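Structural characterization, general
Here is how the chains run, residue by residue.
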Amino acid sequence: MSAAAARPLVTVQSLESDMATDGAAANSVPLPDVMRAAIRPDIVTFVHGQISKNARQPYAVSNRAGHQTSAESWGTGRAVSRIPRVAGGGTHRAGQGAFGNMCRGGRMFAPTKIWRRWHRQVNVTQKRHAVVSAIAASAVPSLVLARGHKIEEVPELPLVVSDAAEAVEKTSAALKVLKQIGAHPDAEKAKDSQAIRAGKGKARNRRYVSRKGPLVVYGNEGAKLVKAFRNIPGVEIAHVSRLNLLKLAPGGHLGRFVIWTKYAFEKLDSIYGTFDKVSEKKNGYVLPRAKMINADLARIINSDEVQSVVKPIKKEVKKAPLKKNPLKNLNVMLKLNPYAKAAKRMALLAEAQRVKAKQDKLDKKRKPITKIITYFCCLSMHLRFWVYLYFIGSLLLVSQSRASLMQPGWKLPCPVYLSHSVICLLQEEASAINSASKSWYKTMISDSDYTEFENFTKWLGASQ
Amino acid sequence: MCYFGVGRMAEKGGQIVPESVLKKQKRAEEWALVKKQEAAALKEKKSANRKLIYNRAKDYAKEYAAQERELIQLKREARLKGGFYVNPEAKLLFIIRIRGINAMHPTTKKILQLLRLRQIFNGVFLKVNKATVNMLHRVEPYVTFGYPNLKSVKELIYKRGFGKVNKQRIALTDNSIIEQTLGKHGIICIEDLIHEILTVGPHFKEANNFLWPFQLSAPLGGLQRKRNHYVEGGDAGNREDYINELIRRMN
């Protein structure tokens, strides 16, 4: 009782005929465990493939075919190929090639034999697993729809019909039943699809093809329903204890539209057992367990247990940047060495300074003394003489105390008193010329090997 | 058949928001916060580092200039006093492999492998000691080497510097790459690396090994004669200071 309460309920569809008998509202039956078993399309495909080989009839060519001649090869030397040729004469057939698969009228390559292995063995558990998977699949609307059945008007899947259906005798009544439960579109589809087979099969006693309709499963032996439903195109019938995989998964494809009677539905539990209870009818058989109890990956991934230990999403994967040459690209250089800017700036300034200093030095060395000469020219002849005299005097006296010269009051034996500025100018020029001549003397010394000579003599202890 | 419903819903201002969505939002917020904090901390550390790097680079520049001037000064002093000043022997070598890989004696092949010169025109820095000098003597016909100056070292590392990170050849585009590997030896920026290599410092081995062997171009203007020694007018062997000129042409 508690088990029934835990399992979901399937409502039994009532037919017109039993409204009177039952009087109660919609009945409901608990879902048998078979319908919750693991759906394994791989097992079903395999088992279906193997089982469909079991109804085959052997075919083969006659074992005498192609050998009903006494042909013999003519050998070499006769300008013909060495294939065995038909002996005798007087007819077209004489001398023709025989026996070989390449010859006309010869035996085929590898003549087919009847002792080919036509049937296949399948493990019982595998066969049961396949059937169980197929039954479970028939309860999944998406699979049934995918297989192509028209179940849009079906009220519920799995479709269980009251036992009154088993008492139906007439096909017309059977059709009415189908219409009541919404299975008629599927049967109609099957009827409309009847067509002549494409291919040679039509000449080999397989002339017509059509789609499959619903499969009606009943529970009582000898129910009248068999005769009523069997002539409806597309509809097939099966007893619940003899369910055929070739009917439950036609073509190896899961999801046949199945109509269960109540009796049959209730029997399913005893035939296949439950997950914990062994089957009554199948010795020691328990329903197969799924590899994953909870196959809902999305739910598992989004569960607390998983999400709590998950690391943050790495949205931006850093790509290695293109290497740029720091010796050419300033920004890249600064990234690596922030001091580079200051260093560069200092280097530039130092260079500019050096250039300037050199230029100044050169200018100083090469510059002629222009100021006095221009002034000189402006003076009268008389003054010029005295200025010149003063100039020479200052040159001669420059080695002595310079301080005395700084006094502007240096008197000339002349009534002309030179202005302060002129005297200063003269003094500046004198000192400039002096320093220039001194540095010139020094360069003369350093440029020559004179210093080396001095040291050399010291070593030798020689004296000059 | 799936009878077990979707996650519990929570009413949120009239609209139903699934609880799983709320949980994810909360978690995303937490992660964002942590990320922001980490980023801020990293930024601070980086800026502090930058100052340090600037000062170090400045000190090194001074050091190099001082070294140069010191050398000149010592020379002048000696000349003045009538003696000579002999330069100290070089501590640092730069080796370039100038021959290909075919038809080699296995021992010399091994030595070149040990020196990390597996390809023609590969270059490595090397410390000078008895061991390395003897190794170089064995492989003389296959390499040319000499004493690099500051400009050579700088340019090689800036232009063709790649580091060995996780056994991969990673370009030195950022100081963080150097700090990651050599931080524990106090080398945190490219200037530190250059200084360590140039003034064969206490962690020269680690710094040099960090540098992937330099893959140089074939020299502009060509070599003279690979098969002869430098002193014979060729290219192999020790060419002391003239290696710098070759590096200019190969870098």
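Summary of the structure given here.

Scoring rules and cut-offs
Residues numbered from 1 in each chain as written. Chains lettered and ligands numbered in written order. Predicted model: local features only at pLDDT ≥ 70, side-chain atom pairs only at ≥ 80, totals over all residues. Heavy atoms only, no water. Helix = DSSP H or I, 4+ residues; strand = E, 2+ residues; numbered from the N terminus. Buried < 20%, exposed > 50% of the residue type's maximum accessible area, 1.4 Å probe, protein only. Contact = heavy atoms within 4.5 Å. Areas by Shrake-Rupley, 256 points an atom, 1.4 Å probe, with all protein chains shown as cover. Pairing = 2+ DSSP bridges. Axes fitted to C-alpha atoms, helices over the stretch in contact; angles between N-to-C directions. Salt bridge = Lys/Arg side-chain N within 4 Å of Asp/Glu carboxyl O. Phe/Tyr/Trp six-rings, centres within 6.5 Å; stacked < 30°, edge-to-face > 60°. Lys NZ or Arg CZ within 6 Å of the ring centre and 35° of its normal. Patch = residues over 30% accessible without salt bridge, like charges linked within 9 Å, V, L, I, M, F, W, Y side chains within 5 Å. Buried area = accessible area lost by both parts, 1.4 Å probe. Polar contact = N/O pair within 3.5 Å; in protein donor to acceptor, adjacent residues only side chain to side chain. Lys, Arg positive; Asp, Glu negative; His and termini not counted. Arc of directions from axis to C-beta.

1. Topic: the overall build of chain A
The helix and strand inventory of chain A stands at 19 helices and ten strands. The burial tally for chain A puts 33% of its 464 residues in the buried class. Contacts in chain A between residues at least 24 apart in sequence constitute 61% of all its contacts with a sequence separation of at least 6. Of the roughly 30600 Å² that chain A leaves accessible, carbon and sulfur atoms contribute 57%.

2. Some points on the sheet that holds strand 2 (residues 27-30) of chain A
Residues and elements named next belong to chain A. One open sheet holds the six strands; their spatial order is 2-1-5-10-8-9, and the pairing between them is mixed. If you trace the sheet from one side to the other, it starts and ends with strand 2 and strand 9 (236-239), each paired once. Recorded for the sheet is a direction-independent mean angle of 35 degrees between the axes of neighbouring strands. Inspection of the sheet shows strand 1 (residues 9-13) paired to strand 2 by four bridges, in the antiparallel sense. Residue Val-10 lies in a different strand from strand 2, and its bridge partner there is Val-29.

3. Some words on the environment of B:Lys151
All names here are of chain B. Relative to the elements of secondary structure, Lys-151 occurs in helix 4 (residues 150-160). A residue is classified by how much of its surface remains accessible, and Lys-151, at 44% relative accessible area, is partly exposed. Spatially, the C-alpha atom of Lys-151 lies 9.3 Å from that of Arg-248, the residues being 97 residues apart in sequence.

4. Looking at helix 7 (residues 184-192) of chain A
Taken together, the buried positions of helix 7 of chain A are A:His184, A:Asp186, A:Ala187, A:Lys189 and A:Ala190. Buried residues along helix 7 of chain A sit against helix 6 (171-181) of chain A.

5. Quick look at the pattern of salt bridges
All names here are of chain A. In this structure the tally under the stated criterion is 23 salt bridges over all chains. A salt bridge links Arg-256 to Glu-236; the nearest nitrogen and oxygen atoms lie 2.7 Å apart. In this pair, Arg-256 is assigned in the loop between helix 9 (245-248) and strand 10 (258-261) and Glu-236 in strand 9, connecting sequence segments 20 residues apart. Of the two residues examined, Arg-256 and Glu-236, each falls in the buried class. It is possible to trace a salt-bridge network through shared partners that takes in Arg-7, Asp-33, Arg-36 and Asp-269.

6. Brief notes about the sheet that holds strand 8 (residues 214-215) of chain B
What links the strands of a sheet is backbone hydrogen bonding, and the strands pair in either a parallel or an antiparallel sense. Strand order in the open sheet formed by five strands is 8-4-3-5-9 (chain B), with mixed pairing between adjacent strands. Two strands close off the open sheet at either side, each with one partner strand: strand 8 and strand 9 (237-238) of chain B.

7. Regarding the packing of aromatic side chains
Following the criterion strictly, the structure yields eight aromatic pairs over all chains and no others. Ring plane angle 80 degrees and centroid distance 5.4 Å describe the contact between A:Tyr339 and B:Tyr54, whose orientation is recorded as edge-to-face. Here B:Tyr54 lies in helix 1 (residues 19-81) and A:Tyr339 lies in helix 14 (residues 339-366), a pairing that spans two chains. Of the aromatic side chains, those joined through ring pairs into one cluster are B:Phe94, B:Phe125 and B:Phe214. It is A:Arg128 that lies over the ring of A:Tyr285; its NZ or CZ is 5.2 Å from the centre. A:Lys323 extends its terminal NZ or CZ atom over the ring of B:Phe162, reaching a point 5.2 Å from the ring centre.

8. Concerning a nonpolar patch on the surface
A cluster of nonpolar residues, A:Met292, A:Leu297 and A:Ile301, forms a patch on the protein surface that exposes about 290 Å² of accessible area. When you line up the elements, A:Met292 lands in the loop between helix 10 (262-272) and helix 11 (297-301).

9. Comments concerning the environment of B:Ala78
Positionally, B:Ala78 belongs in helix 1. Among all residues touching B:Ala78, those that are not within four sequence positions of it are B:Gly83, B:Phe84 and B:Tyr85.

10. Side note on unusual backbone geometry
The step from A:Leu157 to A:Pro158 runs through a cis peptide bond, and the omega angle for that step is 0 degrees. By the element assignment, A:Pro158 lies in the loop between helix 5 (141-147) and strand 5 (159-161). Of note in the backbone geometry, A:Phe99 takes a positive phi value of approximately 75 degrees without being a glycine. Mapped onto the elements, A:Phe99 comes out in the loop between strand 4 (84-85) and helix 4 (124-137). The phi torsion at B:Glu240 lies on the positive side, around 40 degrees, for a residue other than glycine.

11. Some details on the interface of chain A and chain B
Listed per partner, the contact involves 27 residues of chain A and 28 residues of chain B. For the chain A face of the interface with chain B, the top three residues by lost area are A:Lys323, A:Leu336 and A:Tyr339, together amounting to 27%. Where chain A touches chain B, the interface holds two salt bridges. Between B:Lys23 and A:Asp304 there is a salt bridge, with its nearest N and O atoms 2.7 Å apart. Put simply, chain A and chain B have ten residue pairs in polar contact (both at pLDDT 80 or more) between them.

12. Here we look at the side chain of A:Gln50
Residue and element names in this part refer to chain A. Position of Gln-50 relative to the elements: it lies in helix 3 (residues 41-52). Since its relative accessible area comes to 15%, Gln-50 is described here as buried. In this structure Gln-50 touches Arg-120, Gln-121 and Val-122, once residues within four positions along its chain are discounted.

13. A few points about the side chain of A:Arg85
Residues and elements named next belong to chain A. Position of Arg-85 relative to the elements: it lies in strand 4. Within the buried core, Arg-85 has no salt-bridge partner, and the shortest N-O distance to an opposite charge, that of Glu-72, equals 12 Å. For Arg-85, the side chain forms a polar contact with the main-chain oxygen of Gly-95, separated by 3.1 Å. For Arg-85, the contacting residues outside a window of four places in its chain are Ala-71, Glu-72, Ser-73, Trp-74, Val-80, Gly-95, Gln-96 and Gly-97.

14. Examining helix 6 of chain A
Residue and element names in this part refer to chain A. Of the residues making up helix 6, those classed as buried are Ala-174, Val-177, Leu-178 and Ile-181. The buried residues of helix 6 occupy an angular sector of 100 degrees when projected down its axis, which confines them to one face. Residues Lys-176 and Lys-179 are exposed on helix 6 and point more than 90 degrees away from its buried face. At its buried positions, helix 6 is contacted by strand 1, strand 5, helix 7, helix 8 (225-229) and strand 10. Gly-182 sits one or two positions beyond helix 6 and adopts a positive phi of about 85 degrees.

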